[in-house]
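# Working through the structure, step by step
Given next are the chains, with one letter for each unit.
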Amino acid sequence: MTDEIEAILAVTNRDMDAVVHTVTDEADALFTWDYEKGARPGLSKLYEKAKTSQWNGATDLDWSIDVDPERVCAEMHGSDYRSQFLRRLAEQPGSPVANWGDKEWLAYTNETFLHRVSQFMHGEQGALLCTAKIVETVPWIDAKYYAATQVVDEARHVEVFSRYLDEKLDGHYPINAHLRTLLDDIIRDSRWDMTYLGMQIMVEGLALAAFGFMHKITTEPLLKRLLRYVMSDEARHVAFGVLSLQEYYAGLSEAEIRVRQEFAFEAAIRMRDRFLQQEVWDRLGVDPKVMVGHLLALPREENTFQKMLFSKIVPNCKKLGLLDAGATNGDPGWLRQKFTEIGVIEFEDWVDTGEEYESLDEVAKDRASSSISAAPSITTADATA
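First, a word on what this report is: a plain description of the structure on this page. (Residues numbered from 1 in each chain as written. Predicted model: local features only at pLDDT ≥ 70, side-chain atom pairs only at ≥ 80, totals over all residues. Heavy atoms only, no water.)

### Observations concerning the environment of R188
Topologically, R188 is positioned in helix 7 (residues 177-188). Sequence separation between R188 and D25 is 163 residues; the distance between their C-alpha atoms is 4.8 Å. (Helix = DSSP H or I, 4+ residues; strand = E, 2+ residues; numbered from the N terminus.)

### Considering the side chain of H157
Turning to its location among the elements, H157 is positioned in helix 6 (residues 141-168). Residue class for H157 comes out buried when judged on its relative accessible area of 0%. Leave out the neighbours within four places in its chain, and H157 touches W55, E124, V230, D233, E234 and H237. (Buried < 20%, exposed > 50% of the residue type's maximum accessible area, 1.4 Å probe, protein only. Contact = heavy atoms within 4.5 Å.)

### Concerning a nonpolar patch on the surface
Nonpolar side chains collect at one region of the surface, where F31, W33 and Y35 lie side by side and expose about 490 Å² of accessible area between them. Following the sequence through the fold, W33 ends up in the loop between helix 1 (2-9) and helix 2 (41-52). (Patch = residues over 30% accessible without salt bridge, like charges linked within 9 Å, V, L, I, M, F, W, Y side chains within 5 Å. Areas by Shrake-Rupley, 256 points an atom, 1.4 Å probe, with all protein chains shown as cover. Salt bridge = Lys/Arg side-chain N within 4 Å of Asp/Glu carboxyl O.)

### Digging into unusual backbone geometry
Although it is not a glycine, Q277 adopts a positive phi angle of roughly 50°. For Q277, the location among the structural elements is in the loop between helix 10 (254-274) and helix 11 (278-283).

### Points about the pattern of salt bridges
For the structure on display, the rule yields 27 salt bridges. One salt bridge connects K307 with E346, and the closest N-O pair in it is separated by 3.0 Å. Of this pair, K307 sits in helix 13 (residues 304-308) while E346 is found in the loop between helix 15 (334-341) and helix 16 (353-356), placing the two residues 39 residues apart along the sequence. E341 serves as the salt-bridge partner of K338, at 3.7 Å between the closest nitrogen and oxygen. One end of the pair is K338 and the other is E341, both in helix 15 and three residues apart, which spans about a single turn. On the basis of relative accessible area, E341 is assigned to the partly exposed category, the value being 42%. What you see here is one network of salt bridges that share partners, running through R225, R228, E362, K365 and D366.

### What to know about the packing of aromatic side chains
Inspection of every chain in the model, using the stated rule, returns 18 aromatic pairs. Relative to Y145, the ring of Y47 has its centre 5.4 Å away and its plane inclined at 20°; by these criteria the two rings are stacked. In this pair, Y47 is assigned in helix 2 and Y145 in helix 6, connecting sequence segments 98 residues apart. Exposure remark for Y47: the relative accessible area of 17% places this residue in the buried category. For Y145, a relative accessible area of 27% translates into the label partly exposed. The interplanar angle of 55° and the centroid separation of 5.0 Å between the aromatic rings of Y196 and F240 together place this pair among those described as tilted. Of this pair, Y196 sits in helix 8 (residues 192-217) while F240 sits in helix 9 (residues 221-249), placing them 44 residues apart in sequence. With relative accessibility at 0%, the residue Y196 sits in the buried group. Just above the ring of Y173 sits the side chain of R283; from NZ or CZ to the centre is 3.7 Å. (Phe/Tyr/Trp six-rings, centres within 6.5 Å; stacked < 30°, edge-to-face > 60°. Lys NZ or Arg CZ within 6 Å of the ring centre and 35° of its normal.)

### Digging into the packing of helix 2 against helix 6
In the contact formed by helix 2 and helix 6, the axes pass within 9 Å of each other and the chain directions differ by 25°. What the angle tells us is that helix 2 and helix 6 run roughly parallel. Handedness of the crossing formed by helix 2 with helix 6: left-handed. Mapping the contact onto sequence places L43, S44, L46, Y47 and A50 in helix 2 and D142, A143, Y145, Y146 and T149 in helix 6. In terms of residue class, the contact of helix 2 with helix 6 is made up of seven nonpolar, two polar and one charged. (Axes fitted to C-alpha atoms, helices over the stretch in contact; angles between N-to-C directions. Parallel < 35°, antiparallel > 145°, perpendicular 65-115°, else oblique. Left-handed = near helix turned anticlockwise from the far one by under 90°. Nonpolar A, V, L, I, M, F, W, Y, C, P; charged D, E, K, R; others polar.)

Dropping the structure here:
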């Protein structure tokens, strides 16, 4: 336990005041002279869907809505799985929050909400860079076409989360050290499929689940609509990863698949560590080392929030064949065993995003509703004409 805490806290931001962060990317940029569109029907269909589901963050969201941050956070305080789980800390001997009252818990909820939205924004910029890299590195024209639409999506997501933080909330947090390290590794890897796996499957999959949590809880109309629209895009992004990697991974060797399994699990642990939120505890005047130790000591099976974050990742990894690859003589596959150890294997049979993305197209639903509302009514004269 002590070694694990030290390893987690060793990952820190040492340049929090810097405006620019540089990551060396040595991947090859690939041209393809095969311009045949539709060679991969799933990707072609996704591309057509993306073209008709674009939205404008400046005009499709009502930025005139007055947001009360305290009210938004109060909703999280009463309904958020994570806050409920963390209240268990008050029962632990020697816990730094053992004597917290409603005032302190509300302050925590305010900070953790601000931290979450900030990490959404930073993660979306990571997705922006990664998807631009996919445009360069993927060898298929259908994938390049779709990835180009995702670059536009990610720019829009950075824009709307940044604007929400700047105009509706009070301040922001720098990028979490564990998230930044994961994004750095994804960008740095020269293999195009690892960019897909790290971003489209792992980071975007977790983000889709996290957005869903917040959307379910909040009643704040601007944030709720913002999250609905971002989730519509994110579902396509994860589906993009599933549809692309399923074909590619079918041709890899067992050794090559094992490398991908290990990368996926390492990404999962880093994302878990991101939600330990050491920056929040530090801002609240609580020793992060002590706090992380208590958090890790809580029963993992009670952390519904953390478990549910993997509800998109596990079924998508199964669809890609990563869960059970390498299983022999009745022994489970390496990644299945690891996901079992961290208590998230229960999600393996949930629907994968490659199948559900169309049902999450909230932009299309709103446009259809607006079209029906705007249609002229049929009068008696019209009906009898």
